[in-house]
Structures are given as C-alpha cells and as structure tokens.
Amino acid sequence: QFESDGMKKMLREFKPDSFEDLILLVAAYRPGPMDFIPDIIAAKHGKKETHYIIPQLKEILGTTYGQCIYQEQLMSIFHECAGFSLGQADIIRRYMSKKKVDKFLKYKSQFVDGVVLNGADRTDAEALWESLEGFARYAFNRSHAAVYALISYMTAWLKFHYPVEFMAALITSVMGNTDKVVEYIRECNALNIKVLKPDINKSFAKFSVEDNNIRFGLAAVKNVGVNIINNIVIERETNGTFTDFMNLIKRLDSKDINKRVIESLIKCGGFDGMGYNRASLMMGYEKVLESVSLERKKNVKGQIS
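The present account deals with the structure reproduced in this document. (Residues numbered from 1 in each chain as written. Predicted model: local features only at pLDDT ≥ 70, side-chain atom pairs only at ≥ 80, totals over all residues. Heavy atoms only, no water.)

**Brief notes about the overall build of the protein**
In step 1: What the protein contains, in helices and strands, is 16 helices and three strands.
In step 2: Counting across all 305 residues of the protein, residues that qualify as buried make up 41%.
In step 3: Considering only intrachain contacts with a sequence separation of at least 6, the fraction spanning at least 24 residues in the protein is 56%.
In step 4: Accessible surface computed for the protein: about 17,300 Å², of which carbon and sulfur atoms make up 53%.
In step 5: Each charge class in the protein was averaged separately, 42 positive and 37 negative side chains, and the resulting centres sit 7 Å apart. (Helix = DSSP H or I, 4+ residues; strand = E, 2+ residues; numbered from the N terminus. Buried < 20%, exposed > 50% of the residue type's maximum accessible area, 1.4 Å probe, protein only. Contact = heavy atoms within 4.5 Å. Areas by Shrake-Rupley, 256 points an atom, 1.4 Å probe, with all protein chains shown as cover. Lys, Arg positive; Asp, Glu negative; His and termini not counted. Charge placed at Lys NZ, Arg CZ, Asp CG, Glu CD.)

What follows is the structure in structure tokens.
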C-alpha cells in the first residue's frame, strides 16, 4: 500500500500520528479523492480552517479533516444530516458502490430539504450535495481501508525493526514475479542489506537470512522445481554438504537430475562456491551425468555382469 513514491511523499507531508490517519491515507490515495489531499494536509497542520455547515457534519467528517472519503460517512450524512432512514442510506451506498450515479441523483431535492431542516442555508446544502455527487463516483469502504492500513502498519513495523528478516520474507512472497524480485533486491541495496547469490550448499527454497544478509532462494531460479530443491536440502542436511559437482550428482535421485535443472543451477551461480567456472561446468556437466547414469545401471541390485 505504501511503497510507491507518491504514497511515500504524501505520508511525509501528512505526518500521520494516529491509526485513523493511516486509514484515511489508504482511502484517499486514489483517483478522485487524491484531489482533496492538499486540503486534507493543510487542515491536518492547521493551515486551513474547516467549515461545517451544521454541527452533525463535524462529528461525521472530523477524522477526515472535513472531506467525505468513506461510504460509511456518506451513509451517516444522509441519515443524520438529511433525515434519511438507515435503510435508505444503505440503498444509496449500494448505488454508489455499483456506480449507479443516475439513481443516486434522484435523491437531490429530498437531501437538500433535509439538510435545510437541520439548520443549514439552502445554498450551503446544495454545495454539500454537489461535493457528495462528485464523491459518489469514487466512494471507498472504510472497513476495507482499515484492513489495508493495519497490514501496512504491521509490515512497516517489521521492516523497521527486523529489516533483513522482513525483506527475505517479502522477496519470497513475490518469487514468481521477476520484476518485483528485482525491485525488492534494489530496496535491499538501499537498506545496505547484501543479497548473496544462490549456493547449492547454503541456499534453501525460500530467501533466507544468513549472517545478517539474505541468501537467494533456489525456488526463484527458473526451471528448478520446489520439490527438487527440497530433496537437495534434505540430502544436504541429512548427509552433509556436497563436496563437489560429482558428489552432488551421485547423491541425488536420478528423477531430480535433468539437463534443464542442472543448467539453471550452473548459470545462476549455484556451484560457484565450490570453485567451479560456470563456462567450464556447462561444457562438461553432460559427461558427468552420463558417467553417473552408467555407473548406476551397472550396479542395479541383483544384476549379473
């Protein structure tokens, strides 16, 4: 929710100091309500006075600094300021959420008359209707924004207090999206967190924390399935690290070894830690696979030479 440059700029200018502010910013940073953001920021910092045509409006719009941002607020305005029943207010909310603006407009005269009865000037009441008419096209559910705000607050807290663990988990969550993986690795660089290259003896399926750095997850390497990686990790943890390329091939099940998987592991640098040159390994790995396969055929249990 809060990772875009525009959102971060708004947060810095707004300086939220309550959870209610975060809910407001989630709902406001969208086409339509974005137009109100400068006024909201000005009201937040006391640079602009907010005018309420009747006292009830202050209670309803106080947390959003005089602007109608949520569907729930619109329902309250229709009910408490214009005298609509809660049932009617909910019907109007449904018209808004389904973008049925023409049906919404039919309530104008009833709304204006109701607000006037509550003590407003008719000109002000009509101005209030016009502002709500524009809002109806962009109505947002407050409870929906609250959930996003909560997740945003929790993840921001984790990123601040546990940046390495958080970024490792974040990158793992988008492993299927190369663009996002690249974007978050860049963020790691900005946070002075090293992302270590894949290593057949140190990497797991997911991105993991290693000495306050992040070790690249093998599941993010193309053409390498999670089941194969899990088998590699189980073998490594059960019988110790792989001493060299031949040792790895001999210890893995033949179903986990195919040219595409091996090539991908070589190209991503998975065997660099063993001291191999990638180009040399690419030229010679097929002979190793053939040698191990032949040896296994010769040693099938019960076979006569």
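**Overview of empty space enclosed by the protein**
In step 1: Counted under the stated rule, the structure contains one cavity of 30 Å³ or more.
In step 2: Here the largest cavity defines a volume of roughly 30 Å³.
In step 3: As for the largest cavity, its lining consists of Met10, Phe14, Leu24, Leu25, Ala28, Ile37, Ile40 and Ile41.
In step 4: Within the residue set of the lining of the largest cavity, elements represented by two or more residues are α1 (5-14), α2 (19-28) and α3 (37-44).
In step 5: Considering only residue class, the lining of the largest cavity consists of eight nonpolar, no polar and no charged. (1 Å grid on protein atoms, 1.4 Å probe; cavity = no way out; pocket = protein on both sides within 12 Å on 5 of 7 lines; lining within 4 Å. Points joined across faces, edges and corners; volume = space filled by probe spheres on them. Nonpolar A, V, L, I, M, F, W, Y, C, P; charged D, E, K, R; others polar.)

**Concerning the packing of helix α11 (residues 163-173) against helix α12 (residues 178-190)**
In step 1: Packing of α11 against α12 leaves a shortest axis separation of 9 Å and a crossing angle of 170°. As far as their axial angle goes, α12 and α11 are roughly antiparallel. Where α11 abuts α12, its residues Met167, Leu170 and Ile171 lie against Val181, Tyr184, Ile185, Glu187 and Cys188.
In step 2: Taken together, the residues that form the contact of α11 with α12 break down as seven nonpolar, no polar and one charged. (Axes fitted to C-alpha atoms, helices over the stretch in contact; angles between N-to-C directions. Parallel < 35°, antiparallel > 145°, perpendicular 65-115°, else oblique.)

**Some words on the packing of helix α5 (residues 71-81) against helix α9 (residues 122-135)**
In step 1: For the pair α5 and α9, the least separation of the axes is 12 Å and the interaxial angle reads 150°. In terms of their interaxial angle, α5 and α9 are classed as roughly antiparallel. In this structure, α5 crosses over α9, and the sense of that crossing is left-handed. Counting all contacts with α5, which are made through Gln71, Leu74, Ile77 and Phe78, the residues of α9 involved are Leu128, Trp129, Leu132 and Phe135.
In step 2: Each residue belonging to the contact of α5 with α9 can be placed in one class, and the counts come to seven nonpolar, one polar and no charged. (Left-handed = near helix turned anticlockwise from the far one by under 90°.)

**Comments concerning the layout of surface pockets**
In step 1: One number sums up the size of the largest pocket: a volume of about 870 Å³.
In step 2: What lines the largest pocket is a set of 26 residues, among which Phe2, Glu3, Thr155, Ala156 and Lys159 lie closest to the centre.
In step 3: If you list the elements that add at least two residues to the lining of the largest pocket, you get α2, α10 (142-161), α11 and α12.
In step 4: Top contributing element to the lining of the largest pocket by residue count: α10, with eight residues.
In step 5: Its residues placed into classes, the lining of the largest pocket shows 15 nonpolar, four polar and seven charged.

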